[in-house]
Amino acid sequence: MFTSVMMMEFEQLLRKGNLNILDVREDDEFESGHIEGAQHLPLGEIPTSLGKLDKSKEYHVVCFSGSRSAMASKYLAQNGFKVVNVMGGMSAYRGDVIFGR
């Protein structure tokens, strides 16, 4: 099972400290603006890329609107990861973004 947070709560947590952010959008979406320090792992690559993630960490999972991140969160939780789905996704994010890789 995984938990979810609204974007406003996520932004408050982000300001307070170091979060492990997992961005599951496609390459072009990630390059068009992502949260600094976010790890990029497109949704379709997650099943074959679990080794790139650390089960001892908690990940806040983002996508564009919250749908793909919910799917990713469910899958990751079923595979033993600690995850928090960020509802609203990047479409609701009001902080600074990094462009490109």
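Residues numbered from 1 in each chain as written. Predicted model: local features only at pLDDT ≥ 70, side-chain atom pairs only at ≥ 80, totals over all residues. Heavy atoms only, no water.

J.: I'd like to hear about the pairing of strand β5 (residues 82-87), residue by residue, with values.
T.: In the sheet, strand β1 (residues 3-6) pairs with β5 via four bridges, with the strands oriented parallel. The residue bridging S4 from the neighbouring strand is N85, located in β5. Note: strand β4 (residues 58-62) against β5, four bridges, orientation parallel. Pairing of H60 across the sheet is with V84, part of β5. Viewed along the sheet, the connection from β4 through helix α3 (residues 67-78) into β5 turns out right-handed. (Pairing = 2+ DSSP bridges. Helix = DSSP H or I, 4+ residues; strand = E, 2+ residues; numbered from the N terminus. Right-handed = clockwise from strand over helix to strand, strands pointing away.)

J.: Provide a residue-level description of the pattern of salt bridges, including the pertinent values.
T.: A full pass over the atoms with the stated rule returns four salt bridges. Residue E29 pairs with R68 through a salt bridge whose shortest N-O separation is 2.9 Å. Placement of the pair is E29 in helix α2 (residues 27-31) and R68 in helix α3, with a sequence separation of 39 residues. With a closest N to O distance of 3.3 Å, R101 and E31 form a salt bridge. In this pair, R101 sits in the segment after α4 (89-92) while E31 sits in helix α2, placing the two residues 70 residues apart along the sequence. What emerges from the salt-bridge pattern is a single network uniting D27, E31 and R101. (Salt bridge = Lys/Arg side-chain N within 4 Å of Asp/Glu carboxyl O.)

J.: Break down the nonpolar core for me, with residues and values.
T.: Note that soluble globular proteins tend to have their nonpolar side chains buried in a common cluster. Membership of the largest hydrophobic core comes to 14 residues, with the highest contact counts inside it found for L22, V24, L53, Y59, V61, L76 and V83. Contributing elements (two or more residues each) for this core: β4 and α3. Top element by residues in this core is α3. It accounts for three residues. Beyond its immediate stretch of four places on either side in the chain, L53 contacts L22, Q39, L41, Y59, L76 and F81. Counting 13 residues, the second largest nonpolar core, distinct from the first, contains V5, L19, I21 and M90. (Core = buried A, V, L, I, M, F, W, Y, C linked by side-chain atoms within 4.5 Å. Buried < 20%, exposed > 50% of the residue type's maximum accessible area, 1.4 Å probe, protein only. Contact = heavy atoms within 4.5 Å.)

J.: Any chance you could break down the pairing of β4 for me, citing the residues and the numbers?
T.: Counted residue by residue, β4 has four buried out of five residues, so it is predominantly covered. Where strand β2 (residues 20-23) meets β4, four bridges bridge the pair, whose relative direction is parallel. In the sheet register, L22 faces β4, and the bridge partner there is V61.

J.: Report on helix α1 (residues 7-16), specifying residues and quantitative values.
T.: Restricting attention to buried positions, one finds in α1 the residues M7, F10 and E11. On an axial view of α1, the arc spanned by its buried residues comes to 100 degrees, and they lie on one face. Turned more than 90 degrees off the buried face of α1, the exposed positions are M8 and K16. Lining the buried residues of α1 we find β1, β2, β4, β5 and α4. (Arc of directions from axis to C-beta.)

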